[in-house]
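Results of the structural survey
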Amino acid sequence: MNHFDNPDFKGFQYIDISLTPFTNTLPINNLQLKIGDSQEIDIIYIDLINNDITPVRQRYTRTDLHEYLYENIVSDFTARIQVDENGLVLNYPGLFKKIAGN
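The rules behind these values
- Residue indices begin from 1 for each chain and proceed along its sequence in written order.
- Predicted model: local features are reported for residues with pLDDT of at least 70 only, side-chain atom pairs are reported and counted for 80 or more only, and whole-chain, interface and lining totals are derived from all residues.
- Only hydrogens and water are removed before side-chain values are computed, so all heavy atoms of the structure are retained for them.
- Here, the term nonpolar core denotes a set of buried Ala, Val, Leu, Ile, Met, Phe, Trp, Tyr and Cys residues that are joined through side-chain atoms within 4.5 Å.
- Relative accessible area decides the class of each residue, using a 1.4 Å probe on protein chains only: under 20% of the type maximum gives buried, over 50% gives exposed, and in between gives partly exposed.
- The helix count covers DSSP runs of H or I at least four residues long, the strand count covers runs of E at least two residues long, and both are numbered beginning at the N terminus.
- Should any heavy atoms of two residues lie within 4.5 Å, those residues are considered in contact.
- Here a cavity is any set of points on a 1 Å grid over the protein atoms alone where a 1.4 Å probe fits but cannot get out, and a pocket is any open set with protein on both sides within 12 Å along at least 5 of 7 lines; a residue lines the site when it has an atom within 4 Å of a point.
- Grid points are joined across faces, edges and corners, and a volume is the space filled by probe spheres set on the points.
- In this classification, Asp, Glu, Lys and Arg are treated as charged, Ala, Val, Leu, Ile, Met, Phe, Trp, Tyr, Cys and Pro as nonpolar, and every other residue, Gly included, as polar.
- By convention, a stacked pair of Phe, Tyr or Trp rings (six-membered ring in the case of Trp) has centres within 6.5 Å and planes under 30 degrees apart, an edge-to-face pair has planes over 60 apart, and any other such pair is tilted.
- Strand pairing is assigned whenever DSSP identifies at least 2 bridges connecting the two strands.
- Angles run from 0 to 180 degrees between N-to-C directions of axes, and those axes are lines fitted to C-alpha atoms, restricted for helices to the stretch in contact.

Here we look at the nonpolar core
Formed by 15 residues in total, the largest nonpolar core has its most connected members in Leu31, Ile41, Tyr60, Ile81, Val83 and Tyr92. Taken together, the elements giving at least two residues each to this core come down to helix H1 (22-31), strand E2 (38-47), strand E3 (52-64), strand E4 (67-72), strand E5 (77-83) and strand E6 (89-92). Residue contributions to this core peak at three residues, all from E5. With sequence-adjacent residues up to four places away left out, Val83 is seen in contact with Ile28, His66, Tyr68, Leu88, Val89 and Leu90.

Structural notes on the layout of surface pockets
By volume, the largest pocket amounts to about 360 Å³. For the largest pocket, the lining is made up of 19 residues, of which Ser18, Leu19, Tyr45, Tyr92 and Leu95 are closest to its centre. When grouped by side-chain class, the residues that make up the lining of the largest pocket number 11 nonpolar, six polar and two charged.

Section: the packing of aromatic side chains
For the structure shown, the criterion picks out three aromatic pairs. Ring centres of Tyr70 and Tyr92 lie 6.3 Å apart, and the angle between their planes is 50 degrees; this geometry places the pair in the tilted category. With Tyr70 in strand E4 and Tyr92 in strand E6, the pair connects residues that are 22 residues apart, well separated along the chain. Accessibility classification places Tyr70 together with Tyr92 in one group, the buried group. An aromatic cluster is built from Tyr60, Tyr70, Phe77 and Tyr92, whose rings are joined through pairwise contacts.

Focus: the sheet that holds E3
Within the open sheet, the seven strands sit side by side as E1-E2-E3-E4-E5-E6-E7. Their pairing is mixed. Pairing within the sheet leaves two strands with one partner each, and these edge strands are strand E1 (14-17) and strand E7 (96-97). Summarising the sheet, E2 and E3 pair through 10 bridges and their orientation is antiparallel. Counted as the bridge partner of Gln39 is Tyr60 from E3. Against the sheet, H1 contacts E1, E2, E3, E4, E5 and E6, and its axis sits at roughly 150 degrees relative to E1.

Any functional reading would require information beyond the geometric quantities listed.
Below is the structure:
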């Protein structure tokens, strides 16, 4: 069975692709959290390194105007993600840092 035909993956609004912070922008912009608010979401995680696709539960908490606490509920991984005014990731500590301008 193809991963994309798997009925366990039906109904998910978001995906998270390893090796790119761009997919964090999708829930950051769509959830429209106020500072101090948080929300858990179910996503499909696409692990390009290990060639694996799994459903995962994540939590986003808006901690400041341009900062979110990202939590992977399953693995206890957390990161404080800084974003620009458009919700694009500027800094994902240890994984990504935007170095080019517009």
